Amino acid sequence: GLHVWLEKPPAMRANQVEEMEKQRGDRVVVVGFKKAFMPATRKTLEIMRGDDFGKLRSLLAEYPMSIPEDGAGVLERGEYVNWLANGCHPLSFMLAAGGDVDAVTVHRSRNGGGACVLEYANGAIGNFHLADGGRLPFERYTVYGDGGHITVENSANISLMYSCFS
């Protein structure tokens, strides 16, 4: 019967989240996906709503992490690994900026890096580049629209480039 602020991730599988949604009734439940709430995300969304930015075309997220070798097994065993602990952060930015997702495709390299491709309901595409190769303290998000692009580096620095072509 209480409103809940929940730490991430809310569950191991999507159907578990759906079950929580059914049980919450009229209560508000929010998951602490911090990248969705950071000031740089709010500013990005504000710029995207402007007439000059135009229609969203694509998103690119770069984040230093790897994909577990046995991803299906990790989920089956209910293991809480870095993918769940930190992979939700860049994805929360991508969902905030891109909206609903129709399809997800994941490619893993033999070394653990890879890409997660999101096909958004609005027609845009997102690429979550898993920059395996150490724990470099760097992340970058670039949002591309008809009229320009926005880049967010390390959750703080935002740059905006409007197209000089018409």
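Up top is the structure.
The paragraphs below set out a description of the structure included in this document. As the structure is a prediction and not an experimental result, all values here were calculated from the model.

### Observations concerning the nonpolar core
One finds Met-48, Leu-59, Phe-93, Met-94, Phe-128, Tyr-141 and Val-143 to be the most contacted residues of the largest nonpolar core, which totals 24 residues. Of all elements in the fold, only helix 3 (39-49), strand 3 (56-63), helix 6 (88-98), strand 5 (114-120), strand 6 (125-130), strand 7 (140-145) and strand 8 (148-153) reach the threshold of two or more residues within this core. Looking at which element gives the most residues to this core, the answer is strand 3, with four residues.

### Some words on unusual backbone geometry
Lys-8 connects to Pro-9 through a cis peptide bond whose omega is -15°. Locating Pro-9 in the fold gives a position in the loop between strand 1 (4-6) and helix 1 (14-23). Unlike most non-glycine residues, Asn-154 shows phi in positive territory, near 50°. Positive phi is not limited to glycine here, since Ser-155 has a value of about 65°. The residue Ser-155 is located in the loop between strand 8 and strand 9 (157-162) in this model.

### Observations regarding the pairing of strand 7
Consecutive residues of a regular strand have side chains that alternate between opposite faces of the sheet. In the sheet, strand 3 pairs with strand 7 via six bridges, with the strands oriented antiparallel. Bridging from a neighbouring strand, Leu-60 pairs with Thr-142 of strand 7. As judged from the six bridges shared by strand 7 and strand 8, these two strands associate in the antiparallel manner. Opposite Val-143, over in strand 8, you have Ile-150 as the bridge partner. The antiparallel pairing of strand 7 with strand 8 creates a hairpin that spans two residues between the two strands.

### With respect to the sheet that holds strand 6
Taken together, the seven strands give an open sheet; going across it, the order is 4-5-6-3-7-8-9, and neighbouring strands pair in mixed fashion. Of all strands in the sheet, those bounded by a partner on one side alone are strand 4 (101-108) and strand 9. Between one strand and the next, the sheet's axes are offset by a mean angle of 10°, whatever the strand orientation. Note: strand 4 against strand 5, seven bridges, orientation antiparallel. The residue bridging Thr-105 from the neighbouring strand is Val-117, located in strand 5. Of the strands in this sheet, strand 3, strand 4, strand 5, strand 6, strand 7 and strand 8 are in contact with helix 6, which crosses strand 3 at around 170°.

### A closer look at the packing of aromatic side chains
Considering all chains together, one arrives at two aromatic pairs under this definition. Centre to centre, the rings of Trp-5 and Phe-37 are 5.9 Å apart; their planes meet at 50°, and the pair counts as tilted. Of this pair, Trp-5 sits in strand 1 while Phe-37 sits in helix 2 (residues 34-37), placing them 32 residues apart in sequence.

Conventions used here
- Residues numbered from 1 in each chain as written.
- Predicted model: local features only at pLDDT ≥ 70, side-chain atom pairs only at ≥ 80, totals over all residues.
- Heavy atoms only, no water.
- Core = buried A, V, L, I, M, F, W, Y, C linked by side-chain atoms within 4.5 Å.
- Buried < 20%, exposed > 50% of the residue type's maximum accessible area, 1.4 Å probe, protein only.
- Helix = DSSP H or I, 4+ residues; strand = E, 2+ residues; numbered from the N terminus.
- Pairing = 2+ DSSP bridges.
- Axes fitted to C-alpha atoms, helices over the stretch in contact; angles between N-to-C directions.
- Contact = heavy atoms within 4.5 Å.
- Phe/Tyr/Trp six-rings, centres within 6.5 Å; stacked < 30°, edge-to-face > 60°.

Note that every value here comes from positions in space, so none of it alone points to a role or purpose.
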